[in-house]
Amino acid sequence: MSLVYITHHDENILGCEHEFERAVGPKESIFVYKNPIVERAAKYARDLRERFNVEDKKLSVILQNDGTRVLTEAKKSLHRTMGCAHTPIDPPCAFLRKNQGIKWRRENTHKCPKMPPMPPLPPAGSGGHKPTMAPNFIKRNKMCARETIPCPPPPRYVDTPGGTRHNLLNSGLVPQFICRKDFGKVPVYLKKTKRMLADMNAVCAKEQARLLELCRGIKGFTRASVDLGGPPEMPGMRVMNQPERNEILEGLRMSLTEMTKQYQSMSLLIDSIAKRQRKSKLESDLRQVEQDILLIETTPIIYVSEY
């Protein structure tokens, strides 16, 4: 990981690599592999170390005895880019090896501000002016504890010779709820429910009155329909015509055919709960469709609501 300091934002990266090579030399890399073990990586590590020395001088990087590199803020590079154009690849000997990275540490330049000295305390027994630095919390706690009203213990009762105590409140031995203001009165939620039911009944009564007025108050058969020999007319109802009846019958027969195919294509071995549930559902659906077809075919007059 490399630390990048960007202080000037007006640089042009076009051709910066060639200028860097002319000013410093070949391409530098800040990766250093400490304590190489194999001889094959010795030459590669030495070249990187030499290049890193040049980079240390340029970026004011201090190499300490324990291997830690301190990046100071005294000299910041004004032409530092976002990294090398070609990142150097680690050698095979450094693959998954511990402690091969670069140890960075910030330079601790923080200095605590100097605070004014504390005022001196008066000598003991002088009776002079007491310092006002901090209150005497011990004396204050004593006064608060002395003036605090003690909390009385809750009322209890003893029910065994061994002295087993129980709280008297909520035990049922003293009248507690009879002293409440709402004792013996209808609860608020019941009043609210009754009011809501009354409003709903009023709305239903208005709707029934409107439907009765819409149907002109006809209750029963009309004389004209009885004289003509046709089906009796009902208020708000109409008789199902033949095309509609044929369309419904056709759809029911198609559903019956499809469900019959599904029922016949089931496996003969029903060894699981899912198969039994599916078979029972298909049987109930088939029975219901057959009853609907029989009802429509055998009933000559079927009334349909107009609402």
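Residues numbered from 1 in each chain as written. Predicted model: local features only at pLDDT ≥ 70, side-chain atom pairs only at ≥ 80, totals over all residues. Heavy atoms only, no water.

1. What about the overall build of the protein chain?
Stage number 1. When helices and strands are counted, the protein chain shows seven helices and seven strands.
Stage number 2. Ordered by position from N to C terminus, the α and β elements of the protein chain give α-α-β-β-β-α-β-β-α-α-β-α-α-β.
Stage number 3. Per-residue burial over the protein chain gives 15% buried out of 307 residues.
Stage number 4. Pairs at least 24 residues apart make up 57% of the contacts formed inside the protein chain by residues separated by at least 6 positions. (Helix = DSSP H or I, 4+ residues; strand = E, 2+ residues; numbered from the N terminus. Buried < 20%, exposed > 50% of the residue type's maximum accessible area, 1.4 Å probe, protein only. Contact = heavy atoms within 4.5 Å.)

2. Comments concerning the pattern of salt bridges
Stage number 1. Evaluation of the coordinates by the stated rule reveals six salt bridges.
Stage number 2. For Glu244, the salt bridge goes to Arg238, with nearest N and O atoms at 3.5 Å.
Stage number 3. What makes Glu244 partly exposed here is its relative accessible area of 24%.
Stage number 4. Residue Asp271 is joined to Lys275 by a salt bridge in which the shortest nitrogen-to-oxygen separation is 3.5 Å. (Salt bridge = Lys/Arg side-chain N within 4 Å of Asp/Glu carboxyl O.)

3. Quick look at the nonpolar core
Stage number 1. In terms of nonpolar packing, the biggest core is built from seven residues, these being Leu249, Leu252, Met259, Leu286, Val289, Ile293 and Ile296.
Stage number 2. Mapped onto this core, the elements with two or more residues apiece are α6 (242-264) and α7 (273-298).
Stage number 3. Considering every element that reaches this core, the biggest residue donor is α7, with four residues.
Stage number 4. For Leu286, the residues in contact, after removing those within four places along its chain, are Leu256, Met259, Thr260 and Tyr263. (Core = buried A, V, L, I, M, F, W, Y, C linked by side-chain atoms within 4.5 Å.)

4. Points about a nonpolar patch on the surface
Stage number 1. A surface patch of nonpolar side chains, about 330 Å² in accessible area, is lined by Phe177, Ile178 and Phe183.
Stage number 2. Note that Phe177 resides in the loop between β5 (165-167) and α4 (188-214).
Stage number 3. In this structure Phe177 comes out as partly exposed when scored by relative accessible area, which is 49%. (Patch = residues over 30% accessible without salt bridge, like charges linked within 9 Å, V, L, I, M, F, W, Y side chains within 5 Å. Areas by Shrake-Rupley, 256 points an atom, 1.4 Å probe, with all protein chains shown as cover.)

5. A closer look at the side chain of Arg245
Stage number 1. Mapped onto the elements, Arg245 comes out in helix α6.
Stage number 2. At 8.8 Å, Glu244 is the nearest oppositely charged side chain to Arg245, a buried residue that forms no salt bridge.
Stage number 3. With near-sequence residues (within four places) excluded, Arg245 lies in contact with Met240, Ile296, Thr299, Pro300, Ile301 and Ile302. (Lys, Arg positive; Asp, Glu negative; His and termini not counted.)

6. A short note on the confidence of the model for the protein chain
Regions with low pLDDT carry predicted coordinates that are not meant to be interpreted in detail.
Stage number 1. For the protein chain, the average pLDDT comes to 76, and 66% of its residues sit at 70 or higher.
Stage number 2. When pLDDT is averaged over each element of the protein chain, α6 comes out on top at 93 and helix α5 (residues 223-228) at the bottom at 45.
Stage number 3. In the model, residues 28-36 has pLDDT below 50 throughout and makes 35 contacts with residues more than four positions away in sequence or in other chains.
Stage number 4. This stretch, residues 218-228, has a pLDDT under 50; its non-local contacts, to residues over four places away or in other chains, come to 12 contacts. (pLDDT = per-residue confidence, 0-100.)

7. Quick word on the environment of Arg278
Stage number 1. Mapped onto the secondary structure, Arg278 falls in helix α7.
Stage number 2. Classification of Arg278 as partly exposed rests on a relative accessible area of 43%.
Stage number 3. Note: C-alpha distance between Arg278 and Met266 (12 residues apart in sequence) is 9.4 Å.
Stage number 4. Leaving out residues up to four positions away in the same chain, Arg278 has contacts with Gln262 and Met266.

8. Concerning the packing of α6 against α7
Stage number 1. Across the interface, α6 lies against α7 with an axial gap of 10 Å and an inter-helix angle of 155 degrees. Here α7 runs roughly antiparallel to α6, going by the angle between their axes. Here α6 runs over α7; the crossing is left-handed. Across the interface between the two elements, Arg245, Ile248, Leu249, Leu252, Arg253, Leu256, Met259, Thr260, Gln262 and Tyr263 from α6 touch Arg278, Lys279, Leu282, Glu283, Asp285, Leu286, Val289, Glu290, Asp292, Ile293, Ile296 and Glu297 from α7.
Stage number 2. Taken together, the residues of the contact of α6 with α7 sort by class into 11 nonpolar, two polar and nine charged. (Axes fitted to C-alpha atoms, helices over the stretch in contact; angles between N-to-C directions. Parallel < 35°, antiparallel > 145°, perpendicular 65-115°, else oblique. Left-handed = near helix turned anticlockwise from the far one by under 90°. Nonpolar A, V, L, I, M, F, W, Y, C, P; charged D, E, K, R; others polar.)

9. Comments concerning a positive patch on the surface
Stage number 1. Taken together, the side chains of Lys185, Lys191, Lys192 and Arg195 present a region of like positive charge at the surface.
Stage number 2. Secondary-structure assignment places Lys192 in helix α4. (Charge placed at Lys NZ, Arg CZ, Asp CG, Glu CD.)

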